[in-house]
Amino acid sequence: MSAATACMPLLVPPPPPSSPSPLHGSDGQPAAMAPAERRHHPRGMEAAETESHGSGGEERRRPEAEDDGVMSEPRAVVRTLTCERKVYVEGFAYWRSIGRTELPELDPILSFDEFEFSAPAAFLDHPHRGFENVTYMLEGGVSYHDFSGHKGTINTGDVQWLTAGRGVVHAEVPAGEGVQRGINVWINLAAHDKMVEPLYQDLASHAIPTATSDDGGGGVSVKVIAGECLGACSPLRPRTPALCLDVALRPGARLRQPVPRGWSACAYVIAGEAVFGGDGGAGAGNTSAGMEGARVMVVAARPHGEAVARDGPFVMNTTEEVEQAREDFRHRRNGFEMADGWTSDHAATYAAAR
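Residues numbered from 1 in each chain as written. Predicted model: local features only at pLDDT ≥ 70, side-chain atom pairs only at ≥ 80, totals over all residues. Heavy atoms only, no water.

**Examining the overall build of the chain**
Counting its regular elements, the chain contains two helices and 26 strands. The burial tally for the chain puts 57% of its 354 residues in the buried class. In the chain, of all internal contacts separated by at least 6 residues, the share reaching a separation of at least 24 is 73%. Of the accessible surface of the chain, which amounts to about 14,100 Å², a share of 50% is contributed by carbon and sulfur atoms. (Helix = DSSP H or I, 4+ residues; strand = E, 2+ residues; numbered from the N terminus. Buried < 20%, exposed > 50% of the residue type's maximum accessible area, 1.4 Å probe, protein only. Contact = heavy atoms within 4.5 Å. Areas by Shrake-Rupley, 256 points an atom, 1.4 Å probe, with all protein chains shown as cover.)

Structural data, given as structure tokens:
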């Protein structure tokens, strides 16, 4: 979903530009860190093999980051966060793990949210530039429409991997009655990719490769949204190299997932109980489920090691580039030409209903 003053839900006046958006920073309490961590639903995040420095969220790569080989040794959990449900406006609430005060970013992951979305909330026509926006539906659906005519709905189990690049203007609204639930992740683009042409990669649930394993006697099932796991490879091609897995573990099951050296990695507990690290009978570097079983979202990506300047819907490398993005959108140029005179079907529908 969206995280900016320009992306505010319907019926909510935008705050001043200097005010932090409630969609980009919450104040959940961190839990203790340990080499092996047991995480319970509701909502916990584990981050591994990345060191955070400074309030700006700069993430520095470890020495082995220059080697793109797969890690031959297990990773330790270096930070654990417990996420709290935050109500943004009527119809929209979220649990934020990355993109908050304790963890402003995990290079190149800019934000990681689980969200609940229902009427009257709606993200009407708003711009993006400079990053990739990943929306994965857990329940229900989200309908979208952009200024190039790209239009549709992603439903339960579907994913949309949007490379915003030089510019996209789109709208997103709940696709049905009741609460729609999903995961939304912002992944930064490298400086040389900031101005690439936009690209939508949509995969229906049935088209996402699924891998299974009986390791540990309990059973593991993985939807391979991006990257590779247990021999299954996703057809999605993120601009920033990334791994994204929806892992379901039966009670007592375990999974050992290779991640390239130097990549930032995190795991988000959607449901149940999971153990990460070297204890709990899992073996160092493994993920295992407790007696309830678990559902875990694993995301890893190759860091850029570059300066990050972001303001609302624009993520660039300098404040001057952010301001240039705002000017380009305002004047409908350099990637935003199709926004001139365009209104999404969703915005028109909501306007007619008011």
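**A few points about the packing of aromatic side chains**
By the definition in use, this model includes twelve aromatic pairs. Pairing phenylalanine 92 with phenylalanine 117 gives two aromatic rings, centres 5.6 Å apart and planes at 80°, and the pair type is edge-to-face. You can see phenylalanine 92 sitting in strand E7 (residues 92–98) and its partner phenylalanine 117 sitting in strand E8 (residues 109–117), a full 25 residues away along the chain. The burial state of phenylalanine 92 is the same as that of phenylalanine 117; both residues are buried. Measuring from centroid to centroid gives 6.4 Å for phenylalanine 314 and phenylalanine 336, while their planes differ by 75°, and the two rings are edge-to-face. Of this pair, phenylalanine 314 sits in strand E26 (residues 314–316) while phenylalanine 336 sits in the loop between helix H1 (319–331) and helix H2 (345–353), placing them 22 residues apart in sequence. Of the two residues, phenylalanine 314 and phenylalanine 336, both sit in the buried class. Put simply, the rings of Tyr88, Phe92, Tyr94, Phe115, Phe117 and Phe123 touch in pairs and so form one group of aromatic residues. The aromatic ring of phenylalanine 329 is capped on one face by arginine 332, whose charged end is 4.6 Å from the ring centroid. (Phe/Tyr/Trp six-rings, centres within 6.5 Å; stacked < 30°, edge-to-face > 60°. Lys NZ or Arg CZ within 6 Å of the ring centre and 35° of its normal.)

**Some words on the sheet that holds strand E9 (residues 123–128)**
One open sheet accounts for four strands, arranged E9-E14-E11-E12; its pairing is antiparallel. Single-partner strands in this sheet number two, and they are E9 and strand E12 (151–154). Geometrically, the sheet is characterised by an average inter-axis angle of 25° between neighbouring strands, direction not taken into account. Sheet topology note: the E9/strand E14 (residues 168–174) ladder contains four bridges and is antiparallel. Across the sheet, residue proline 127 finds its bridge partner in E14, namely valine 169. (Pairing = 2+ DSSP bridges. Axes fitted to C-alpha atoms, helices over the stretch in contact; angles between N-to-C directions.)

**Section: the sheet that holds strand E13 (residues 159–163)**
With antiparallel pairing, seven strands are arranged side by side in an open sheet as E6-E7-E8-E15-E10-E13-E16. Since the sheet does not close on itself, it has two edges, and those belong to strand E6 (85–89) and strand E16 (199–203), each with one partner. Here the average twist between neighbouring strands, direction ignored, is 20°. As defined by bridge partners, strand E10 (residues 131–139) adjoins strand E15 (residues 180–188) across eight bridges and the pair is classed as antiparallel. Each bridged residue has a counterpart across the sheet, and for glutamate 132 the counterpart in E15 is isoleucine 187.

**A closer look at the pattern of salt bridges**
With the rule as written, the count across this model stands at 15 salt bridges. Linking arginine 310 and glutamate 105 is a salt bridge whose minimum nitrogen-to-oxygen distance equals 3.7 Å. Here arginine 310 is found in strand E25 (residues 309–311), whereas its partner glutamate 105 is found in the loop between E7 and E8, with 205 residues between them in sequence. Arginine 310 sits in the partly exposed class, given a relative accessible area of 30%. (Salt bridge = Lys/Arg side-chain N within 4 Å of Asp/Glu carboxyl O.)

**Examining H2**
Taken together, the buried positions of H2 are His346, Ala347 and Tyr350. Buried residues of H2 fall within an arc of 100° about the axis and therefore sit on the same side. Turned more than 90 degrees off the buried face of H2, the exposed positions are Thr349 and Ala352. (Arc of directions from axis to C-beta.)

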